[in-house]
Amino acid sequence: MEKISHALVTGGAGFIGSHLVDALVANGCRVTVLDDLSTGHRRNLDGLGDRIDFVEGDIRDADLLDRVVKGCQVVFHQAAVVSVTQSVQDPAHSCEVNDLGTVRVLDASRRNGVGRVVMASSSAVYGDDPRLPKTEDMAPGPLSPYAVQKLTGEYYASVFNGLYGLETVCLRYFNVFGPRQDPSSPYSGVISIFMTRASAGQAATIYGDGGQSRDFIYVKDVVRANLLAATEAAAAGRVFNVGTGSFIRIRELWKLIGELSNVKIDPVFGAPRLGDIRASVSDIGEMERLLGFSPQVKLRQGLVDTLAWYRGTS
Ligand code: NAD
Ligand code: UD1
């Protein structure tokens, strides 16, 4: 793999971003992190010391971006308001961060000679198209402000690629899980919430009937996908699904986490969430064919490792 000597990771103190920072540092890359710590934590970067430059700030700050992208070959853009529900409750705020913030990142990158921007998009852009698995060529059908914002980010990336020759790659992550996913808000990723509930011997709330399905991918596999997207020539200008090609229903997920945690507690069922997608599973043929990517961590193994982390035993 071609070496990246200096990279910027926006949202690098967050769940996925901090794992990406770890991998880049391990590869000998100099890393600048830009994060406003709205949902990320400085502790996620503990142990990296002066091997990274941490800058606390907002991706909407154009002057700050100009400073932090200077000299970077690659920008990994992870910063966002991540919660679908939060975007439903406050569409204007999430629009500012997810859309204006993304344009600012792209614009600072093209003005400062960055080679490539790898952006975190989302499987949410597909909405409820009944055809499964989701392939990249399907027409998008966003169901939430968040999904509109991620799709808009992809369109901007494509336009910057075409107009200014800034190489961009958009990765449509399916549902990512693993250590450091913050369970502390009701908007957090479902696995982080279910694990903390099960570990505390408490029931989880399932929104709707629990028949909705998701394709969960382990965070370390998502990091590998990012590194390939940053370094493989064939990735430039493209959009890729990043998932596993398998799915599990939410009520089965609660059962599985219960089994792994040695607890058997009936869930509480609540009203379905507004903007929630019913069925989600990826086709990852494009990423396999063009970038040689296939996920390595199976759901069960990923859950075991994640549970150990939440219990503080790994
Ligand atoms: P996260 O909340 O842990 O990470 C997001 C980071 O961005 C946080 O550290 C937060 O402090 C930072 N941030 C937010 N607004 C900012 C701003 N205005 N300026 C600077 N920093 C800001 O969430 P995550 O799960 O690690 O998500 C990373 C990316 O992946 C996001 O773009 C998200 O939309 C995307 N994504 C995540 C999933 C998933 O399942 N977790 C799935 C699809 C896409
Ligand atoms: C998640 C990501 C989003 C990403 C998308 C890609 C988070 C917080 N959101 O959204 O950024 O773009 O995947 O597919 O990481 N659920 C319950 N009980 C709970 C919590 C959730 O039943 O306590 C259900 C939800 O209703 C939903 C499913 O579990 O059907 C997954 O929810 P969640 O983890 O919030 O993820 P998504 O909304 O899919």
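Our subject is the structure that appears above.
Below: a short report on this structure. This structure is a prediction, so every number in the text was calculated from the model and none was measured. Counting from 1, residues in each chain are numbered in the order their sequence is written. Chains and ligands are labelled by the order in which they are written, letters from A for the one and numbers from 1 for the other. Only residues with pLDDT of at least 70 get local features here, since the model is predicted, and only at 80 or more are side-chain atom pairs given and counted; chain-wide, interface and lining totals rely on the full set of residues. Heavy atoms from the whole structure form the basis of all side-chain values; hydrogens and water molecules are not counted.

Moving on, we come to the site of ligand 1. We define proximity as follows: a residue is near a molecule or strand when any one of its heavy atoms falls within 4 Å of that partner. If you check the shell around ligand 1, you find 28 residues, and the closest are Phe15, Asp35, Thr39, Gln78 and Tyr146. Whenever a nitrogen or oxygen atom comes within 3.5 Å of another N or O atom, the pair is scored as a polar contact, on the condition that within protein one atom can donate a hydrogen and the other can accept it, and that pairs from neighbouring residues in sequence are kept only if both atoms are in side chains. Between a nitrogen atom of ligand 1 and a side-chain N or O atom of Asp58, the distance comes to 3.1 Å. Between an oxygen atom of ligand 1 and a side-chain N or O atom of Lys150, the distance comes to 2.9 Å. With the chains in place, 93% of the 820 Å² that ligand 1 exposes on its own is no longer accessible. For the shell around ligand 1, the elements supplying multiple residues, two or more each, are helix H1 (15–26), strand S5 (116–122), helix H5 (145–164) and strand S7 (175–177). Counting residues per element, the shell around ligand 1 draws most heavily on S5, at three residues. Its residues placed into classes, the shell around ligand 1 shows 14 nonpolar, 10 polar and four charged. Reported accessibility uses the Shrake-Rupley method at a 1.4 Å probe radius. Residues are deemed covered only where the shown protein chains occlude them. Secondary structure elements are defined from DSSP: runs of H or I of at least 4 residues count as helices, runs of E of at least 2 residues count as strands, and each element is numbered from the N terminus. Think of it as three bins: nonpolar holds Ala, Val, Leu, Ile, Met, Phe, Trp, Tyr, Cys and Pro, charged holds Asp, Glu, Lys and Arg, and polar takes everything else, Gly as well.

This next bit is on the pattern of salt bridges. Between side chains of opposite charge, a pair can form when the charged atoms approach closely. Each reported salt bridge corresponds to a side-chain nitrogen of Lys or Arg within 4 Å of a carboxyl oxygen of Asp or Glu. Within the structure shown, the criterion is met by 17 salt bridges. Put simply, Asp66 and Arg111 hold a salt bridge, and the shortest N to O gap is 2.9 Å. Highlighted residues: Asp66 in helix H2 (residues 62–69) and Arg111 in helix H4 (residues 91–111), separated in sequence by 45 residues. Note on exposure labels: buried denotes an accessible area under 20% of the residue type's maximum, exposed denotes more than 50%, and partly exposed covers the range between, all computed with a 1.4 Å probe on protein chains only. Owing to a relative accessible area of 18%, Asp66 belongs among the buried residues under this scheme. Residue Asp107 is joined to Arg110 by a salt bridge in which the shortest nitrogen-to-oxygen separation is 2.8 Å. Of this pair, Asp107 and Arg110 both sit in helix H4, three residues apart, which is roughly one turn of that helix. For Asp107, a relative accessible area of 22% translates into the label partly exposed.

Moving on: a nonpolar patch on the surface. Each patch is built from residues that are more than 30% exposed by relative accessible area and take part in no salt bridge. Like charges join if they lie within 9 Å; nonpolar side chains (Val, Leu, Ile, Met, Phe, Trp, Tyr) join within 5 Å. Where nonpolar side chains cluster on the molecular surface, the patch consists of Val159, Leu163 and Tyr164 and spans about 300 Å² of accessible area. Counting through the fold element by element, Val159 comes out in helix H5. Judged by relative accessible area, Val159 falls into the partly exposed class, the value being 41%.

Let us now look at empty space enclosed by the protein. In this analysis a 1.4 Å probe is tested at points of a 1 Å grid over the protein atoms alone, and where it fits but cannot get out there is a cavity; an open set with protein on both sides within 12 Å along at least five of seven lines is a pocket; lining residues have an atom within 4 Å of a point. Grid points are joined across faces, edges and corners, and a volume is the space filled by probe spheres set on the points. A full pass over the atoms with the stated rule returns one cavity of 30 Å³ or more. Taken as a whole, the largest cavity encloses approximately 80 Å³ of empty space. Listed by contribution, the elements that provide at least two residues to the lining of the largest cavity are H4, S5 and H5. With four residues, the single largest contributor to the lining of the largest cavity is H5. Across the lining of the largest cavity, the residue classes tally to four nonpolar, six polar and two charged.

Attention now moves to the packing of H4 against H5. Relative placement of two packed helices is described by the angle separating their axes and the distance separating the axes. At a closest axis distance of 10 Å, the pairing of H4 and H5 adopts a crossing angle of 15°. In terms of their interaxial angle, H4 and H5 are classed as roughly parallel. Crossing of H4 over H5 shows right-handed handedness. Only Pro145, Tyr146, Gln149, Thr152, Gly153, Tyr156, Ala157, Phe160 and Tyr164 of H5 make contact with H4, whose side of the interface consists of Pro91, Ser94, Cys95, Asn98, Asp99, Thr102, Val103, Leu106, Asp107 and Arg110. As a rule, the C-alpha atoms of each element are fitted with a line to give its axis, helices using only the stretch in contact, and angles between N-to-C directions run from 0 to 180 degrees. Convention used here: angles under 35 degrees read as roughly parallel, angles over 145 as roughly antiparallel, angles from 65 to 115 as roughly perpendicular, and any remaining angle as oblique. The handedness criterion is simple: a crossing whose near helix is rotated anticlockwise from the far helix by less than a right angle is left-handed, and one whose near helix is rotated clockwise is right-handed. For this analysis, residues touch if any pair of their heavy atoms sits within 4.5 Å.

This next bit is on the layout of surface pockets. The computed volume of the second largest pocket comes to approximately 220 Å³. In this structure, the second largest pocket is lined by Arg214, Asp215, Phe216, Thr244, Ser246, Phe247, Ile248, Pro295, Gln296, Val297, Lys298 and Leu299. Looking at side-chain class alone, the lining of the second largest pocket contains six nonpolar, three polar and three charged residues.

Glancing now at the environment of Phe54. Within the element layout of this structure, Phe54 appears in strand S3 (residues 52–56). With 180 residues separating them along the chain, Phe54 and Ala234 place their C-alpha atoms 31 Å apart. Sequence-distant contacts of Phe54, defined by excluding residues within four places in its chain, comprise Ala13, Val33, Asp35, Leu37, Arg42 and Leu45.

Let us now look at the packing of helix H6 (residues 190–199) against helix H8 (residues 250–261). The interhelical angle for the contact between H6 and H8, taken along N-to-C directions, is 40°, at an axis separation of 10 Å. Classified by the interaxial angle, the pair formed by H6 and H8 is oblique. Here H6 and H8 pass one another in a crossing that is right-handed. Within the contact between the two elements, H6 uses Val190, Ile191, Phe194, Met195, Arg197 and Ala198 and H8 uses Ile250, Leu253, Trp254, Ile257 and Ser261. Class assignment of the residues belonging to the contact of H6 with H8 gives a composition of nine nonpolar, one polar and one charged.

The subject of this paragraph is the packing of aromatic side chains. Between rings of Phe, Tyr and Trp, where Trp is taken as its six-membered ring, a pair exists when centres lie within 6.5 Å; planes separated by under 30 degrees are stacked, by over 60 edge-to-face, and by other angles tilted. By the definition in use, this model includes six aromatic pairs. Between Tyr126 and Phe174, the ring centres sit 6.3 Å apart and the planes meet at 35°, which makes this aromatic pair tilted. Pair noted here: Tyr126 is in the loop between S5 and H5 and Phe174 is in the loop between strand S6 (167–173) and S7, with a separation of 48 residues, a long-range link. Neither Tyr126 nor Phe174 differs from the other in exposure class; each is buried. A ring pair is formed by Phe194 and Trp254, whose centres lie 5.3 Å apart and whose planes are at 75°; its orientation type is edge-to-face. Within this pair, whereas Phe194 is found in helix H6, its partner Trp254 is found in helix H8, the two being separated by 60 residues in sequence. For the pair Phe194 and Trp254, a shared accessibility class is recorded, and that class is buried. An aromatic cluster is defined as three or more aromatic residues linked by ring pairs; in this entry it consists of Phe177, Phe216 and Tyr218. When the ring centre of Phe54 is taken as reference, the NZ or CZ atom of Arg42 above it lies at 4.3 Å. For a Lys NZ or an Arg CZ to count as sitting over a ring, it must be within 6 Å of the ring centre and within 35 degrees of the ring normal. Across from the ring centre of Tyr164, 4.2 Å away, lies the NZ or CZ of Arg110, which sits over that ring.

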